[in-house]
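These are the residues of each chain, in order.
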Amino acid sequence: MVKLKLGYPEDPDYGERLEEFEARIARGEKIEPGDWMPAEYRRQLIRMISQHAHSEWVGMLPEGAWITRAPSLRRKLILLAKVQDEAGHGQYLYHAAETLGITREEMVEALLSGKAKYSNIFNYPTLTWADVGIIGWLVDGMAIKNQTMLAQCSYGPYSRAMVRICAEETFHHKQGKEAVLLYAKGSKKQRQMVQDALNRWWWPTLMMAGPHDTDSPHTPLLLRWGIKTKTNDQVRQEFLNEHVPELLDAGLTIPDPDLRYDEKTGNWIHGPIPWEEFWKVIGGEGPMNRHRLAARRKAHEEGRWVREALEAYGKRHLAQAAD
Ligand SMILES: CC(C)(COP(=O)(O)OP(=O)(O)OC[C@H]1O[C@@H](n2cnc3c(N)ncnc32)[C@H](O)[C@@H]1OP(=O)(O)O)[C@@H](O)C(=O)NCCC(=O)NCCSC(=O)Cc1ccccc1
């Protein structure tokens, strides 16, 4: 897939280079695109950043479905801006991945052919308008916890993209929270609608942080090389500690009969997560996987003429500049 020019273990200076690379990370220096890096560091970053970019692009679909059905002009404007931001996040992330030697075409092909993963969370349907609020508050809430951790990561282009993305996600989070709090105090129908949305999105949101650390094959190496700066369980715990008290204060019921507060650690402890569902969803068998990929393929086909026009324009522009 990617032609790696540097970082092969058969390089006679590999040991020395690796030592210096790890020392740079330990000193908190950022690794930049032209710098030496182990082939596996590059591979892991391409995997993660491209999955992240795909998630942003597929992530436009569940909420995008509600743009034409928003209950007011204000809500419609907010949602339009949010979905547009997600397209932009995908762009920054694809660019960050391109600095590692993979092309946009290769990444898009991996997504459209169903080879690449993207976040489990976007394979669920948005059944009511309240889902839009819950996605903003909870899904963006989990995304922010994960991305604040990634903003500290050792790869410069990824960490810088995360800083900007997190600033925009904070707005997404606030608008979702504002909507949910309003509906939680609203009419009986609004309260039921928002509780139903919470019931459906709660467990998939907890799964978003990834499998438990004991079942996460990539975490040890990603931590060692500063790609991740916290583990999946640490990120999930931060999410719980912030969101559980706020959801309870809003008068909502969290659909976990085993959820409890641990006085000793100050942590909210969740009950068993239905991991069979997670593995099924990320294996392509979630409720909306086929639908999501079909929508992305359709958008890709319908955008073909724009890509071709841009290419033709670029070529003509270059030819004119050369004259
Ligand atoms: C934490 C984790 C997701 C997973 O940790 P790792 O150490 O990398 O993996 P680990 O060893 O723990 O797992 C083993 C296998 O399981 C896979 N898998 C795990 N979790 C998931 C999952 N949730 N979904 C699907 N697959 C998952 C994993 O890839 C691996 O499979 P592989 O070997 O590749 O075949 C990490 O990759 C990361 O931080 N990524 C960047 C952030 C990112 O992508 N964010 C996306 C949301 S952006 C957003 O929401 C913005 C928004 C909001 C609202 C609306 C619209 C947009």
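As the structure is a prediction and not an experimental result, all values here were calculated from the model.

(A) Representation of the layout of surface pockets in the model. Of the volumes computed, that of the largest pocket is approximately 970 Å³. Taken together, 41 residues form the lining of the largest pocket, with Gln51, Ser55, Ser119, Met208 and Gly210 sitting closest to its centre. Those elements giving two or more residues to the lining of the largest pocket turn out to be helix 2 (39–58), helix 4 (73–98), helix 6 (130–150), helix 7 (156–184), helix 8 (188–208) and helix 11 (275–285). Of the residues belonging to the lining of the largest pocket, the class tally is 19 nonpolar, 12 polar and 10 charged. Reported here for the second largest pocket is a volume of approximately 470 Å³. Lining of the second largest pocket is provided by 14 residues; of these, Trp57, Arg104, Val108, His300 and Arg307 occupy positions nearest its centre. At the level of secondary structure, the elements contributing two or more residues to the lining of the second largest pocket comprise helix 5 (104–112), helix 12 (289–302) and helix 13 (304–322). Looking at the lining of the second largest pocket element by element, the count peaks at five residues for helix 5.

(B) Representation of the packing of aromatic side chains. Following the criterion strictly, the structure yields 13 aromatic pairs and no others. Between tyrosine 14 and tryptophan 36 the ring centres are 5.7 Å apart and the planes differ by 65°, which places this aromatic pair in the edge-to-face class. With a gap of 22 residues between them, tyrosine 14 in helix 1 (residues 14–26) and tryptophan 36 in the loop between helix 1 and helix 2 connect regions that are remote in the sequence. On the basis of relative accessibility, which here comes to 18%, the residue tyrosine 14 falls in the buried class. Exposure remark for tryptophan 36: the relative accessible area of 12% places this residue in the buried category. Put simply, the rings of Tyr14, Phe21, Trp36, Tyr41, Tyr155 and Trp225 touch in pairs and so form one group of aromatic residues.

(C) Region of interest: the nonpolar core. Counting residues in hydrophobic clusters, the biggest one holds 83 residues, and the most contacted among them are Phe21, Tyr41, Ile49, Tyr155, Tyr158 and Trp202. Per-element tally for this core: the top contributor is helix 6, with 10 residues.

(D) Here's a closer look at helix 1. An ideal rise of 1.5 Å per residue puts 18 Å on 13 residues; helix 1 measures up with 18 Å between its terminal C-alpha atoms. Tyr14, Leu18, Phe21, Arg24 and Ile25 are the residues of helix 1 that are buried. Down the axis of helix 1, the smallest arc covering the buried residues is 120°, so these residues share one side. Facing away from the buried side of helix 1 by more than 90 degrees, the exposed set consists of Glu16, Glu19 and Ala26. Trailing helix 1 by a residue or two, glycine 28 shows a phi angle of about 85°, which is positive.

(E) Structural view of the site of the ligand. Taken together, the neighbourhood of the ligand is formed by 37 residues, with Arg47, Lys117, Ser216, His218 and Lys228 sitting nearest. One of the side-chain N or O atoms of arginine 47 is found 2.8 Å from an oxygen atom in the ligand. Within the contact set of the ligand, a nitrogen atom lies 3.1 Å away from a backbone nitrogen or oxygen of methionine 208. Look at the ligand: alone it shows 1100 Å² of surface, and the protein chains cover 92% of it. Cavity membership is defined here by more than half of the atoms lying within 2 Å of grid points; on that basis the ligand lies in the largest pocket. If you list the elements that add at least two residues to the shell around the ligand, you get helix 2, helix 4, helix 6, helix 7, helix 8, helix 9 (219–224) and helix 11. Of the residues that constitute the shell around the ligand, the class distribution is 15 nonpolar, 13 polar and nine charged.

(F) Quick peek at the environment of glycine 141. You can see glycine 141 is positioned in helix 6. Distance in space between the C-alpha atoms of glycine 141 and threonine 205 is 9.2 Å, their sequence separation being 64 residues. Each residue touching glycine 141, except ones within four places of it in the same chain, is listed here: Gly136, His173, Phe239 and His243.

Parameters and conventions
- Residue positions are counted from 1 within each chain, in the order its sequence is given.
- Local features in this predicted model are restricted to residues whose pLDDT is 70 or higher, and side-chain atom pairs enter the listing and the counts only when it is 80 or higher, whereas totals over whole chains, interfaces and linings include all residues.
- Just so you know, side-chain values use all the structure's heavy atoms and leave hydrogens and water out.
- Whether a set of points on the 1 Å grid over the protein atoms alone is a cavity depends on a 1.4 Å probe fitting there but being unable to get out, while an open set qualifies as a pocket with protein on both sides within 12 Å along at least five of seven lines; lining residues are those with an atom within 4 Å of a point.
- Grid points are joined across faces, edges and corners, and a volume is the space filled by probe spheres set on the points.
- Helix and strand definitions follow DSSP, with helices as H or I runs of at least four residues and strands as E runs of at least two, each counted in order from the N terminus.
- Residue type decides the class: Asp, Glu, Lys and Arg count as charged, Ala, Val, Leu, Ile, Met, Phe, Trp, Tyr, Cys and Pro as nonpolar, and the leftover types, Gly among them, as polar.
- Aromatic pairing here means that ring centres of Phe, Tyr or Trp (its six-membered ring) are within 6.5 Å. Orientation follows from the plane angle: under 30 degrees is stacked, over 60 is edge-to-face, and everything else is tilted.
- Throughout, exposure labels follow a simple rule: accessible area from a 1.4 Å probe, protein chains only, divided by the maximum for the residue type, with under 20% read as buried, over 50% as exposed, and the rest as partly exposed.
- Think of a nonpolar core as a cluster: buried Ala, Val, Leu, Ile, Met, Phe, Trp, Tyr and Cys residues, connected wherever their side-chain atoms sit within 4.5 Å.
- For a helix, the expected span equals 1.5 Å multiplied by the number of residues minus one.
- Summarising the geometry, the arc corresponds to the directions from the helix axis toward the C-beta atoms.
- Residues are classed as near a molecule or strand on a simple rule: at least one heavy atom within 4 Å of it.
- Polar contact is the term for a pair of N or O atoms within 3.5 Å; when the atoms are in protein, one must be able to donate a hydrogen and the other to accept it, and sequence-neighboring residues count only if both atoms are side-chain atoms.
- With residues, only the protein chains shown are counted as cover, and all accessible areas are computed by Shrake-Rupley using a 1.4 Å probe.
- Whether a molecule lies in a cavity or pocket depends on its atoms, and more than half of them have to be within 2 Å of the grid points.
- Here, residues are in contact when the closest pair of their heavy atoms is within 4.5 Å.

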